[in-house]
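# Results of the structural survey
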Amino acid sequence: MRTLTCMIVDDEPLAVRLLESYVEKTPDLQLLASFTDSITAINAVKEQKPDLLFLDIQMPNIDGMELAHSLPEGTRVVFTTAFKEYAFESYEVNALDFLLKPIRYNKFLGSIEKARKVFDVQPTAIEPKQQLNTVFVRVDGEWRNIPVAQIIYVSGMKDYVMFYLDGERKPLISHLTMKAVEEMLPSDKFLRIHRSYIVAVDKIQKVDRNDCVYIGEEIIHIPDGYLQSFRNFLETRSFNK
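Here is a short report on the structure shown in this document. (Residues numbered from 1 in each chain as written. Predicted model: local features only at pLDDT ≥ 70, side-chain atom pairs only at ≥ 80, totals over all residues. Heavy atoms only, no water.)

## Considerations on the sheet that holds strand 13 (residues 204-207)
With antiparallel pairing, the 3 strands of this open sheet are ordered in space as 13-14-15. The sheet is open, and its two borders are formed by strand 13 and strand 15 (218-221), each paired with just one other strand. The average angle at which neighbouring strand axes cross in this sheet is 25°, direction not considered. Pairing analysis gives 3 bridges linking strand 13 to strand 14 (residues 212-215), with the strands arranged antiparallel. Paired with Lys206 across the bridge in strand 14 is Tyr214. (Pairing = 2+ DSSP bridges. Helix = DSSP H or I, 4+ residues; strand = E, 2+ residues; numbered from the N terminus. Axes fitted to C-alpha atoms, helices over the stretch in contact; angles between N-to-C directions.)

## What to know about unusual backbone geometry
Residues other than glycine predominantly adopt negative phi, and peptide bonds predominantly adopt the trans conformation. The linkage connecting Lys101 with the following residue, Pro102, adopts the cis geometry, with an omega of -5°. Phi angles above zero are rare outside glycine, and Asp28 is one such case at about 60°. On the secondary structure map, Asp28 appears in the loop between helix 1 (13-24) and strand 2 (29-35). A relative accessible area of 16% places Asp28 in the buried class. You will see that Lys49, though not glycine, has its phi angle at about 50°, which is positive. (Buried < 20%, exposed > 50% of the residue type's maximum accessible area, 1.4 Å probe, protein only.)

## Section: the side chain of Thr5
Looking at where Thr5 falls in the secondary structure, it is placed in strand 1 (residues 4-9). Setting aside chain neighbours within four positions, we find Thr5 in contact with Gln30, Leu32, Lys49, Pro50, Asp51 and Leu52. (Contact = heavy atoms within 4.5 Å.)

## Considering helix 5 (residues 105-119)
With 15 residues, helix 5 should cover 21 Å at 1.5 Å per step; its first-to-last C-alpha distance of 21 Å lies within 8% of that length. The set of residues buried in helix 5 consists of Tyr105, Phe108, Ser111, Ile112, Ala115, Arg116 and Phe119. All buried residues of helix 5 fall inside an arc of 145° around its axis, so they share one side. Of the residues trailing helix 5, Asp120 is marked for its positive phi of about 55°. (Expected span 1.5 Å × (residues − 1). Arc of directions from axis to C-beta.)

## Section: the nonpolar core
Counting 21 residues, the largest nonpolar core has Leu19, Tyr22, Leu29, Leu52, Phe54 and Phe108 as its most contacted members. When contributions to this core are tallied by element, the ones reaching two or more residues are strand 1, helix 1, strand 3 (52-56) and helix 5. Leaving out residues up to four positions away in the same chain, Leu29 has contacts with Thr3, Leu4, Cys6, Val23, Leu52, Phe108 and Ile112. (Core = buried A, V, L, I, M, F, W, Y, C linked by side-chain atoms within 4.5 Å.)

## Considering the packing of aromatic side chains
Note on aromatic pairs: each is described by the distance of the centres and the angle between the planes. Taken as a whole and assessed by the stated rule, the structure comprises 7 aromatic pairs. For the ring pair Tyr22 and Tyr105, a centre distance of 5.1 Å and an interplane angle of 50° mean the geometry is tilted. With Tyr22 in helix 1 and Tyr105 in helix 5, this residue pair connects regions lying 83 residues apart in the sequence. Among the residues examined, Tyr105 registers a relative accessible area of 19% and is labelled buried. Here the aromatic cluster, defined as three or more aromatic residues joined through ring pairs, consists of Tyr22, Phe54, Tyr105 and Phe108. One residue, Lys25, lies across the ring of Tyr105, its end atom 4.3 Å from the ring centre. Directly above the aromatic system of Tyr214 lies the positively charged group of Lys206, at a separation of 4.6 Å from the ring centroid. (Phe/Tyr/Trp six-rings, centres within 6.5 Å; stacked < 30°, edge-to-face > 60°. Lys NZ or Arg CZ within 6 Å of the ring centre and 35° of its normal.)

Printed below as a string of structure tokens:
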């Protein structure tokens, strides 16, 4: 099955990181490179000729509109900008799509569907993962079999993680990395909202106006690097759309 290739050009590192996370979890989409500098980007785009270019408009040196006029044949542009007044101008360069920041994942997927039609690429069917009911965690030299439904949240500190569980007064401490825990726990039930916290989404009690998550006996403030992905999650679970 053919894979669509893409590049990202945006002078805002957080915007690049968000799009990179979207590409990573989208089947049949390969990221060739990301750039925060448009001059460096234009040479790479001409050399590697990606199918798609996710392109910001307002950038120093060469702006997105200028860059779009010098793309190789076959590369289609998806503009990503916070300024909707550029929408009409974007069609003058035959843009595939126009995404308004903050970009939601469902809107991003809409652009990918358009690209698949243009490039005549059929998406790969995704086999559902087997339901994970328990995980084994090594604690004090013993393997504990923990029901996934019992986990409230996981907190990390250096090379150790602490599992906070329903019905347990103290957390279980294990020599692990947060990355290993994040990869093991089912992504439809757990969400990383901080470098040091992964939470069970169904056990979140509330989220206040300061972007603080109340869960168990903990109040966790979501830093900027995780805030957009958390807001995208909220949109899939809320009536306020």
